[in-house]
Amino acid sequence: MISNSMRPRVNGSSAIRRMFEEGKKLAAVYGPENVYDFSLGNPNVPAPDELKDAMIHILETEDPLKLHGYMSNAGFEETRQAIAEDLNSRYGTSYSAANVVMTAGAGAAMNITMKSLLDPGDEVVVFAPYFLEYNNYIANFGAVPVMVSPDPESGFMPNIAEMVSRITPKTRAVIVNNPNNPTGAVYPAEVITRLADALRSKQEELGTVIYIISDEPYRELVYGEAKVPHIPDFYDNTVVCYSYSKSLSLPGERIGYVLVPSRSDGWEEFALSLATANRFLGIVNAPSLQQLAIARCTELRSNVGFYEKNGRDLYEGLTAMGFSCIKPDGAFYLWVKSPIDDDAAFCDELKDERVLATPGSAFMGPGYFRLSYCVSHETVVNSMPGFRKVAERYFG
Ligand code: PLP
């Protein structure tokens, strides 16, 4: 029998995954080409060839005892140093391997971060709508999420005034996810400046240390003029959780890292704690082949133009039909207002046209739905009649 704490979490698990399963059933009946599945954030741009070549080269030339053996829980020094230097060249910082702990993707990065930060009863502030898995990560350590409500008027920027009102002496961290899943919004420097100023004031007022956990798996997926601010430049007590799942299309490989800048409170002990948490949580270390490949490929980027085109075409197509959408500046998500309050019922209407979307309620953003457009361009084009048929009922 499973634990009492786990049972409700298992039963309530992931509307996104459920929709994905529905999609597989529909595909079996109608054929995959007739199902327009915008449910899951599984990148469909293949990982760059250079990465594959690097892996083959490593497999052929690396000492197998190094390649397949245990290592430091923080990961290979050469990988951590290569990442530090890549960040330094981009942000003008002076990070070294000591500031980087390799781990198994952003999910593990957040879990080892929270393991290091949270005691039972501590609070973590999250801005809705948000990636609901955060609730599970926070609950893993007996802490509680404290939600700041969505702010549609600002284009779903973080509501800083409400954040301030939600901070208590128990607040240990605020999660910032930029570019954002599910809205596709990118928070500009001006927003991060205000957020950092407000948190600094709260730290002073309460005499506590409040971290920003900057969850950045979509950092490189930005369009046009949009820029993702490097939050440690704005706020000292920042840890960055990064993943190659989206930026290099490697979600199955489980590779990412945590950056603990030297200006953050107690950073050396924090970095040591992250590595130790890797071990305690059974991650032990990030996959070694992936680490060695990343060390040789820090400058590689995914085909952002592909996502940008999908996002633009979907945005323009749906807007022309009467839908109200947030224009995405990054990631690969379109956040659309449901024409009826019941976003789940609306997604069912779309499903009848074999268009799979995720209800906003699955992200604590009711009244909206999310389209994950890391799909083929044909899927975007061929889904339009289904959207149009449903739109005509509401917008004429
Ligand atoms: N954070 C956000 C906002 C995400 O959207 C995801 C995955 O979809 C993750 C974290 C987890 O990413 P990873 O696959 O690297 O664990």
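So, how was this worked out
- For every chain, the first residue of the written sequence is number 1, and numbering continues from 1 onward in sequence order.
- With the structure being a predicted model, the display of local features is reserved for residues of pLDDT at least 70 and the display and counting of side-chain atom pairs for 80 or more, all residues being used for whole-chain, interface and lining totals.
- Values reported for side chains reflect all heavy atoms of the structure, with hydrogen atoms and water molecules removed beforehand.
- The set of buried Ala, Val, Leu, Ile, Met, Phe, Trp, Tyr and Cys residues whose side-chain atoms join them within 4.5 Å is what this entry labels a nonpolar core.
- Working definition: with a 1.4 Å probe on protein chains only, accessible area under 20% of the residue-type maximum means buried, over 50% means exposed, and in between means partly exposed.
- In this text, helices come from DSSP runs of H or I with a minimum length of four residues, and strands from runs of E with a minimum of two, each type numbered from the N-terminal end.
- Whether two residues are in contact is decided by their heavy atoms: any pair within 4.5 Å suffices.
- Here, a strand pair is defined by DSSP locating no fewer than two bridges between the strands.
- Axis geometry follows a simple rule: fit a line to the C-alpha atoms, using only the stretch in contact for helices, then measure angles between N-to-C directions, giving values from 0 to 180 degrees.
- Nearness here has a simple test: a residue counts as near a molecule or strand if at least one of its heavy atoms is within 4 Å of that partner.
- Any pair of nitrogen or oxygen atoms within 3.5 Å is treated as a polar contact; in protein, a donor-acceptor pairing is required on top of that, and neighbouring residues in sequence qualify only through side-chain atoms on both sides.
- Methods summary: accessible areas were calculated by the Shrake-Rupley approach with a probe of 1.4 Å, and residue burial reflects only the protein chains presented.
- Following the grouping adopted for this structure description, the nonpolar residues are Ala, Val, Leu, Ile, Met, Phe, Trp, Tyr, Cys and Pro, the charged ones are Asp, Glu, Lys and Arg, and the polar ones are all others, Gly among them.
- In this analysis the probe radius is 1.4 Å and the grid spacing 1 Å, with only protein atoms considered; a cavity is a set of points the probe fits into but cannot get out of, a pocket is an open set with protein on both sides within 12 Å along at least five of seven lines, and lining residues have an atom within 4 Å of a point.
- Grid points are joined across faces, edges and corners, and a volume is the space filled by probe spheres set on the points.
- Put simply, a patch holds well-exposed residues, over 30% relative accessible area, that have no salt bridge, with like charges counted together within 9 Å and Val, Leu, Ile, Met, Phe, Trp or Tyr side chains within 5 Å.
- We count a salt bridge whenever a side-chain nitrogen from Lys or Arg sits within 4 Å of a carboxyl oxygen from Asp or Glu.
- When charges are tallied, Lys and Arg are placed among the positive residues and Asp and Glu among the negative ones, while His and the ends of the chain are skipped.
- Every charge is mapped to an atom, namely NZ of Lys, CZ of Arg, CG of Asp or CD of Glu.

Engineer: Mind laying out the nonpolar core, listing which residues take part and the relevant values?
Structural biologist: Within the largest apolar cluster, 39 residues are counted, with the highest numbers of intra-cluster contacts made by Leu 314, Leu 318 and Leu 371. Breaking this core down by element, the ones donating at least two residues are α2 (15–30), α12 (304–321), β10 (333–337), α13 (343–352), β11 (355–356), β13 (368–372) and α14 (377–395). The greatest single-element share of this core, amounting to 6 residues, is contributed by α12. With residues near it in sequence (within four places) discarded, Leu 314 still touches Phe 38, Leu 334, Leu 371, Tyr 373, Val 380, Met 384 and Phe 387.

Engineer: Quick one: what's the story with the sheet that holds strand β6 (residues 211–215), residue by residue and with numbers?
Structural biologist: The sheet built from 7 strands is open, its strands ordered β2-β8-β7-β6-β5-β3-β4 with mixed pairing. Two strands in the sheet have a free side with no partner beyond their single neighbour: β2 (100–103) and β4 (144–148). With direction set aside, neighbouring strand axes in the sheet form an average angle of 25 degrees. When strand β7 (residues 238–243) meets strand β8 (residues 256–259), the two strands line up antiparallel, connected through 4 bridges. Bridging from a neighbouring strand, Ser 243 pairs with Gly 256 of β8.

Engineer: So, the site of the ligand: which residues are in play, and what are the values?
Structural biologist: Around the ligand there are 14 residues in total, and Ala 106, Asp 215, Tyr 218, Ser 243 and Arg 254 lie nearest to it. Between the ligand and Ala 106 there is a distance of 2.7 Å, counted from an oxygen atom to a backbone nitrogen or oxygen. With respect to the ligand, the side chain of Lys 246 contributes an N or O atom lying 2.9 Å from an oxygen atom. Coverage of the ligand by the protein amounts to 90% of the 400 Å² it exposes when considered alone. With 3 residues, helix α6 (residues 105–117) is the largest single contributor of residues to the shell around the ligand. Its residues placed into classes, the shell around the ligand shows 5 nonpolar, 6 polar and 3 charged.

Engineer: Describe the pairing of β10, with residues and values.
Structural biologist: Of all 5 residues making up β10, 4 are buried, and the element is well covered by its neighbours. When strand β9 (residues 325–326) meets β10, the two strands line up antiparallel, connected through 2 bridges. The residue bridging Ile 326 from the neighbouring strand is Trp 335, located in β10. Connecting β9 to the antiparallel partner β10 that follows it, the hairpin turn spans 6 residues, and Ala 331 within it adopts a positive phi of roughly 60 degrees.

Engineer: If you had to explain empty space enclosed by the protein to someone new, which residues and values would you point to?
Structural biologist: Here the structure, examined in full by the defined rule, presents 3 cavities of 30 Å³ or more. What the largest cavity holds in volume is close to 110 Å³. Lining the largest cavity are 16 residues; nearest its centre among them are Arg 90, Tyr 242, Tyr 244, Thr 298 and Arg 301. Per element, the largest residue contribution to the lining of the largest cavity is 4 residues, and it comes from helix α5 (residues 77–91). Here the lining of the largest cavity is built from residues that sort into 8 nonpolar, 3 polar and 5 charged.

Engineer: Describe a negative patch on the surface, and please don't skip the residues or the numbers.
Structural biologist: A grouping of Asp 49, Glu 50, Asp 53 and Glu 299 is seen on the molecular surface, where their side chains present a negatively charged patch. Along the polypeptide, Glu 50 turns up in helix α3 (residues 49–61).

These figures come from the coordinates and say nothing about function on their own.
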